[in-house]
Amino acid sequence: MMKKISVLALVLLLTTSLLAACASSNESSEGGAGSGGEGEIYIPIISKGFQHQFWQAVKNGAEQAGEEFGVRITFEGPETETQVDKQIEMLQAALDKKPSAIGFAALDSQAALPYLKRAQDANIPVIAFDSGVEGDIPVTTASTDNIAASAMAADKMAELIGNEGKIAMVVHDQTSVTGSNRRDGFKNQIEEKYPDIEIVDIQYGGGDHLKSTDLAKAMMQAHPDLKGIFGANEGSAVGIVNAVAEMKKAGQIVVIGFDSGKQQIDAIKSGAMAGAITQNPVGIGYETVKAAVAAIKGEPVEPQIDTGFYWYDQSNIDSEEIQAVIYE
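Residues numbered from 1 in each chain as written. Predicted model: local features only at pLDDT ≥ 70, side-chain atom pairs only at ≥ 80, totals over all residues. Heavy atoms only, no water.

1. Focus on the overall build of the protein chain
Rule in force here: Secondary structure is summarised from DSSP: a helix means a run of H or I of at least four residues, a strand means a run of E of at least two, and numbering begins at the N terminus for each. Relative accessibility decides the category of a residue: with a 1.4 Å probe and only protein chains considered, values under 20% of the type maximum give buried, values over 50% give exposed, and everything between is partly exposed. All accessible-area figures derive from a Shrake-Rupley calculation using a 1.4 Å probe, and residue coverage is judged against the displayed protein chains alone.
What the protein chain contains, in helices and strands, is eleven helices and twelve strands. The proportion of buried residues among the 328 residues of the protein chain is 51%. In the structure as shown, the protein chain presents an accessible area of about 15,100 Å², 51% of it carried by carbon and sulfur atoms.

Structure representation (structure tokens):
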């Protein structure tokens, strides 16, 4: 009897040990802080959208940096750049995973602040990209100097319409820093340097090319003598090009855009669009992840990372410099 009890006790002991080992293995595979593995650096990147080719180019740059620095990244954004609530849900879900750092391009910087404060309190470095965030929460912002870039677009517009006449603007939004900076950069440059040019209308299309088309058509109907329209992002610019074609105003209205993408590139090559400002989206994604890795390691990071911008038109679109920063 004693021998049977001893054997039974040994079996129970071995079974308990095996179960404990399995549980320990499962905990290890799940990793700490939602990182996907013990010691793994996990950086979620939340963009302003996913529908434009610009964001796909940013994603490519982030993935390049993730591979180079040996960190795991995820990249997501709402379907359209009007879905502030959905972006906030994505931000909250990312923070619930307790990441090593987070990259964030705010659709509405004020709406995001409580969640970014939560990240700051948890010592999770926040890297703003493309669109800055008000306050001192972000460790850095990797973005284009949108005020200077839009001022260049204003100079090009003035040159192409002979420094006089009526123009209008279609901007993607007025809640993001990107939207307000591009609007103000263009508007202020025109008002300060070109007294004979009048901005007769500014409308907001949410970056949606269909809505931007309708807005641009309404502008042309209200102002038959309009000489030019500036589109402050990819969707805005494509919408204006479509509106000009539908209103049969080709050759009568100068269209200047912002960003790149196949439709803008084709429009510039065909002459439907005079030119555009392109950012360096791959560089934005790459620098966001690079800065996040440095912040995680406690290394110094510049408070602002200027990723550059370029003017392109028919004359230089095929150059090596421009081909490196436009995207299809």
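Now, onward.
2. Quick look at the environment of Val 289
Here is the rule: Working rule for contacts: check all heavy atoms of both residues, and any pair within 4.5 Å makes them a contact.
By secondary structure assignment, the location of Val 289 is in helix H10 (residues 281–296). Separated by 160 residues in the primary sequence, Val 289 and Phe 129 have C-alpha atoms spaced 9.9 Å apart. What Val 289 contacts, discounting residues up to four positions off in sequence, is Ile 43, Ile 45, Ala 62, Ala 65, Gly 66, Val 71 and Ile 73.

3. Quick word on the side chain of Thr 278
Selection rule: Polar contact is the term for a pair of N or O atoms within 3.5 Å; when the atoms are in protein, one must be able to donate a hydrogen and the other to accept it, and sequence-neighboring residues count only if both atoms are side-chain atoms.
With respect to the helices and strands, the residue Thr 278 is situated in strand S10 (residues 275–278). A polar contact of 3.2 Å, which involves the side chain of Thr 278, links it to the backbone oxygen of Val 325. For Thr 278, the contacting residues outside a window of four places in its chain are Asp 259, Ser 260, Phe 309, Tyr 310, Tyr 312, Val 325, Ile 326 and Tyr 327.

4. Structural notes on the packing of aromatic side chains
How we decide: Paired rings are identified among Phe, Tyr and Trp, the last through its six-membered ring, by centres lying within 6.5 Å, and are further divided according to the angle between planes into stacked (under 30 degrees), edge-to-face (over 60) and tilted (the rest). Note on geometry: a ring has a charge over it if NZ (lysine) or CZ (arginine) is within 6 Å of the ring centre and within 35 degrees of the ring normal.
Summed over all chains, the structure comprises six aromatic pairs. Ring geometry for Phe 69 and Tyr 286: centres 6.1 Å apart, planes at 50°, overall tilted. On the criterion of sequence distance, the pair formed by Phe 69 in helix H2 (residues 53–69) and Tyr 286 in helix H10 is long-range, its members being 217 residues apart. Residue Phe 69 is classed as partly exposed on the basis of its relative accessible area, which comes to 31%. Each member of the aromatic cluster is reached from another via a ring pair, and the members are Phe 54, Trp 55, Phe 129 and Tyr 327. We note Arg 72 situated over the ring of Tyr 42; from NZ or CZ to the ring centre the distance is 4.2 Å.

5. Topic: the pattern of salt bridges
In plain terms, the rule: We count a salt bridge whenever a side-chain nitrogen from Lys or Arg sits within 4 Å of a carboxyl oxygen from Asp or Glu.
All told, the structure shown has 13 salt bridges when counted by the stated rule. The salt bridge involving Lys 193 is made with Asp 155; its shortest N-O contact spans 3.5 Å. Of this pair, Lys 193 sits in helix H6 (residues 177–193) while Asp 155 sits in helix H5 (residues 146–160), and the two are 38 residues apart along the sequence. Looking at Lys 193, the relative accessible area reads 45%, which means it is partly exposed. On the basis of relative accessibility, which here comes to 25%, the residue Asp 155 falls in the partly exposed class. Salt-bridge contacts for Asp 259 lead to Arg 182; the nearest nitrogen and oxygen are separated by 3.7 Å. Placement of the pair is Asp 259 in the loop between strand S9 (254–258) and helix H9 (262–270) and Arg 182 in helix H6, with a sequence separation of 77 residues. The class of Asp 259 is buried, set by a relative accessible area of 4%. Arg 182 gets classed as buried once you look at its relative accessible area, which sits at 2%.

6. Quick notes on the sheet that holds strand S1 (residues 42–46)
Under the convention used in this document: Here the rule is simple: two strands pair whenever DSSP picks up at least two bridges between them. Only the stretch in contact is used when a helix axis is fitted, and all axes are lines through C-alpha atoms; the angle between N-to-C directions ranges over 0 to 180 degrees.
Ordered by their spatial adjacency, six strands build an open sheet running S2-S1-S3-S4-S5-S11, and the pairing between neighbours is parallel. Each edge of the open sheet is held by one strand with a lone partner, namely strand S2 (72–76) and strand S11 (304–306). Each neighbouring strand pair of the sheet contributes to a mean axis angle of 20°, computed without reference to strand direction. In this fold H2 packs onto S2 and strand S4 (126–129), with an angle of close to 175° to the strand it touches most, S2.

7. A short note on the environment of Arg 183
Tracing the backbone shows Arg 183 in helix H6. Arg 183 sits in the buried class, given a relative accessible area of 16%. Once residues lying within four places of it in the same chain are set aside, the contact partners of Arg 183 are Met 169, Val 171, Gln 174, Ile 202 and Tyr 204.

8. Quick notes on the nonpolar core
Under the convention used in this document: Joining through side-chain atoms within 4.5 Å is the link that ties buried Ala, Val, Leu, Ile, Met, Phe, Trp, Tyr and Cys residues into a set, and such a set is a nonpolar core.
If you look at the biggest cluster of nonpolar residues, it comprises 26 residues, and the most contacted ones within it are Ile 43, Val 58, Val 71, Phe 129 and Val 289. Listed by contribution, the elements that provide at least two residues to this core are S1, H2, S2, S4 and H10. Broken down by element, this core gets its largest block of residues, seven residues, from H10. Within the second largest apolar cluster, 23 residues are counted, among which are Met 219, Leu 226, Tyr 312 and Ile 322.

9. Here's the deal with unusual backbone geometry
The backbone phi angle of Asn 123 is positive, close to 60°, even though this residue is not glycine. Of note, Asn 123 is situated in the loop between helix H4 (109–121) and S4. Among the residues examined, Asn 123 registers a relative accessible area of 68% and is labelled exposed.

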